[in-house]
Amino acid sequence: MIHSPRAWALEQSDRRIVFASGPETTMFAESRPNHVAAHRLPAWKAVLAIGAGHVQLHRAGRPVVAAPGLLVPPQLPHSCAATAPYVALFIDAWQLPPYRKPIRLGAEEARRLVAALGTADAHGPDADADLTAAYTELRVLAGPSPVLDPRVARAIHLCTRVAPDTPIAAIGKEVGLSPPRLRALIQRDVGIPLARLRRWSRLRTAVADLPDATVAAAAATAGFADQAHLTRTARDFLGRTPASLRHAAAEVVDRSKGTSTGA
C-alpha cells in the first residue's frame, strides 16, 4: 500500500471528505452526492460514482454527458454533479494523452479504478488509498502519456513540485532556457500556461493544509497573495470554495499519522 505523504479525512455523522496527494495523483472523495459550479481545471479529472450512481457533466449549449465515471480533459469549461458518493482523481495534464472531449467510463471501468485505490467501501476510499495503482489503471484506460522535452519536464517538476516559489528566471537558468522560451515550450507541449500550472500546484498545497489551518493561513502557506486569491483560484479550478471543505465540529483524521484533531 502506498501511503500519501499528505492525506486527511474530515468526518461527521452524515459526511466524510477524504483528501490525499501523491506524486502522480491527487484524490478528493466525498461520502454523499454533490454538485460543483462551472470551472476550468488545468489538469485531468476522473470522477467516479461509488455504487450504482452516476456522474453528470454540464457544458453551456451542449447535451448533458452522464456515465458511471467520466474522464474530463484539462481546460474544459464545465460543471459537474455526482448522484452518489464519489471519488475525484486529479492528474497533471502531461501525464495522460491529449483529448479534447470528456470520455465516458462504463460501470466496470469505474469499479476497476475505485478498486485500484485499495480501501474503498460503500462510502468511498480512505486516506491511505493507493494513488499510484489508480494512476496506473488510468494509464491502461487512457493510453501512454506524451513524451515531453526533457527541459520542459524538468522545469515543470521544479515549478510545481520541488520549488513552486522559485522565480521563472532561476528555473529557466537551471534548464538552459530563457523565461520567454520556457513559457512558450510549456504552452506548446502541455497546452496550459505556466502561471496556471503553478496556481494549481499552490491550490493542492492549500487544500492539503486546510484541516490544520484557517483558510487565510492555508493561503499564506501555499503562496497565495491572500485568502481572496485562494478562493478565486478554487472557484476557477474546482467550482467550489475552500470554506466548503471546512465544517464546524468535524473530526480531522490524519490517516498517515493515525491521529485525530478538532477541525
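Residues numbered from 1 in each chain as written. Predicted model: local features only at pLDDT ≥ 70, side-chain atom pairs only at ≥ 80, totals over all residues. Heavy atoms only, no water.

### Some thoughts on the pattern of salt bridges
Part 1 of the argument: Tallying each qualifying case throughout the model produces 11 salt bridges.
Part 2 of the argument: Arginine 151 is the salt-bridge partner of aspartate 149, the closest N and O atoms lying 2.8 Å from each other.
Part 3 of the argument: By relative accessible area, which is 17% here, aspartate 149 ends up buried.
Part 4 of the argument: With relative accessibility at 34%, the residue arginine 151 sits in the partly exposed group.
Part 5 of the argument: Here aspartate 189 and arginine 188 are joined by a salt bridge, their closest N and O atoms 2.6 Å apart. (Salt bridge = Lys/Arg side-chain N within 4 Å of Asp/Glu carboxyl O. Buried < 20%, exposed > 50% of the residue type's maximum accessible area, 1.4 Å probe, protein only.)

### Focus: the pairing of strand β10 (residues 86–92)
Part 1 of the argument: Within β10, 7 of the 7 residues are buried, leaving the element largely enclosed by the surrounding structure.
Part 2 of the argument: Of the two faces of β10, the one holding Tyr86, Ala88, Phe90 and Asp92 and the one holding Val87, Leu89 and Ile91 are both buried throughout. (Helix = DSSP H or I, 4+ residues; strand = E, 2+ residues; numbered from the N terminus.)

### Structural notes on the layout of surface pockets
Part 1 of the argument: What the largest pocket holds in volume is close to 280 Å³.
Part 2 of the argument: The wall of the largest pocket is formed by 16 residues, among which Ala93, Pro98, Tyr99, Val190 and Gly191 lie closest to the centre.
Part 3 of the argument: When grouped by side-chain class, the residues that make up the lining of the largest pocket number 12 nonpolar, 2 polar and 2 charged. (1 Å grid on protein atoms, 1.4 Å probe; cavity = no way out; pocket = protein on both sides within 12 Å on 5 of 7 lines; lining within 4 Å. Points joined across faces, edges and corners; volume = space filled by probe spheres on them. Nonpolar A, V, L, I, M, F, W, Y, C, P; charged D, E, K, R; others polar.)

### Section: the side chain of histidine 78
Part 1 of the argument: Turning to its location among the elements, histidine 78 is positioned in strand β9 (residues 78–82).
Part 2 of the argument: Among the polar contacts listed, one links the side chain of histidine 78 to the side chain of lysine 45, at a separation of 2.9 Å.
Part 3 of the argument: In contact with histidine 78, other than residues within four places in its own chain, are Ala37, Ala38, His39, Lys45, Leu57, His58, Arg59 and Val72. (Polar contact = N/O pair within 3.5 Å; in protein donor to acceptor, adjacent residues only side chain to side chain. Contact = heavy atoms within 4.5 Å.)

### Side note on the packing of aromatic side chains
Part 1 of the argument: Here the structure, examined in full by the defined rule, presents 3 aromatic pairs.
Part 2 of the argument: For the ring pair tryptophan 44 and tyrosine 99, a centre distance of 6.0 Å and an interplane angle of 80° mean the geometry is edge-to-face. On the criterion of sequence distance, the pair formed by tryptophan 44 in strand β5 (residues 43–49) and tyrosine 99 in the loop between β10 and β11 (103–105) is long-range, its members being 55 residues apart.
Part 3 of the argument: Since its relative accessible area comes to 2%, tryptophan 44 is described here as buried.
Part 4 of the argument: Overall, the relative accessible area of 37% leaves tyrosine 99 in the partly exposed class. (Phe/Tyr/Trp six-rings, centres within 6.5 Å; stacked < 30°, edge-to-face > 60°.)

### Comments concerning the environment of alanine 37
Part 1 of the argument: When you line up the elements, alanine 37 lands in strand β4 (residues 34–39).
Part 2 of the argument: Residue classification places alanine 37 among the partly exposed positions, given a relative accessible area of 39%.
Part 3 of the argument: Expressed as a C-alpha distance, the spacing of alanine 37 and leucine 113, which sit 76 residues apart in the sequence, is 25 Å.
Part 4 of the argument: Not counting the four nearest positions on each side in its chain, alanine 37 is found in contact with His78, Ser79 and Gly239.

### So, the confidence of the model for the chain
Part 1 of the argument: Mean pLDDT over the chain stands at 87; residues scoring 70 or higher make up 90%.
Part 2 of the argument: Of the regions scoring below 50 in pLDDT, residues 248–263 engages in 37 contacts with residues more than four places distant in sequence or in other chains. (pLDDT = per-residue confidence, 0-100.)

### Topic: the packing of helix α3 (residues 150–162) against helix α6 (residues 194–209)
Part 1 of the argument: The geometry of α3 relative to α6 is characterised by a closest axis approach of 8 Å and an angle of 35° between their N-to-C directions. Two secondary-structure elements touch here, α3 through Cys159, Thr160 and Arg161 and α6 through Leu194, Leu197, Arg198, Ser201 and Arg204.
Part 2 of the argument: For the contact of α3 with α6, the class distribution of residues is 3 nonpolar, 2 polar and 3 charged. (Axes fitted to C-alpha atoms, helices over the stretch in contact; angles between N-to-C directions.)

### Structural notes on α6
Part 1 of the argument: The first and last C-alpha atoms of α6 sit 23 Å apart over 16 residues, in line with the 22 Å expected at 1.5 Å per residue.
Part 2 of the argument: In terms of burial, α6 is a largely internal element, 13 of the 16 residues being buried. (Expected span 1.5 Å × (residues − 1).)

### Let's talk about the sheet that holds strand β7 (residues 65–67)
Part 1 of the argument: With antiparallel pairing, the 4 strands of this open sheet are ordered in space as β4-β9-β6-β7. The sheet terminates laterally at β4 and β7, the two strands that pair on one side only. With direction set aside, neighbouring strand axes in the sheet form an average angle of 10°.
Part 2 of the argument: By the bridge criterion, 3 bridges tie strand β6 (residues 55–58) to β7 in an arrangement that is antiparallel. Within the sheet, the bridge partner assigned to valine 55 lies in β7 and is alanine 67. (Pairing = 2+ DSSP bridges.)

### Quick look at empty space enclosed by the protein
Part 1 of the argument: Counted by the stated rule, this structure contains 3 cavities of 30 Å³ or more.
Part 2 of the argument: Here the largest cavity defines a volume of roughly 360 Å³.
Part 3 of the argument: Residue lining of the largest cavity: 26 residues in total, with Phe28, Ala88, Phe90, Leu238 and Arg240 positioned closest to the centre.
Part 4 of the argument: Secondary structure elements with two or more residues in the lining of the largest cavity: β3 (25–30), β4, β5, β9, β10, α6 and α8 (227–238).
Part 5 of the argument: Counting residues per element, the lining of the largest cavity draws most heavily on α6, which supplies 4 residues.
Part 6 of the argument: By residue class, the composition of the lining of the largest cavity is 19 nonpolar, 4 polar and 3 charged.

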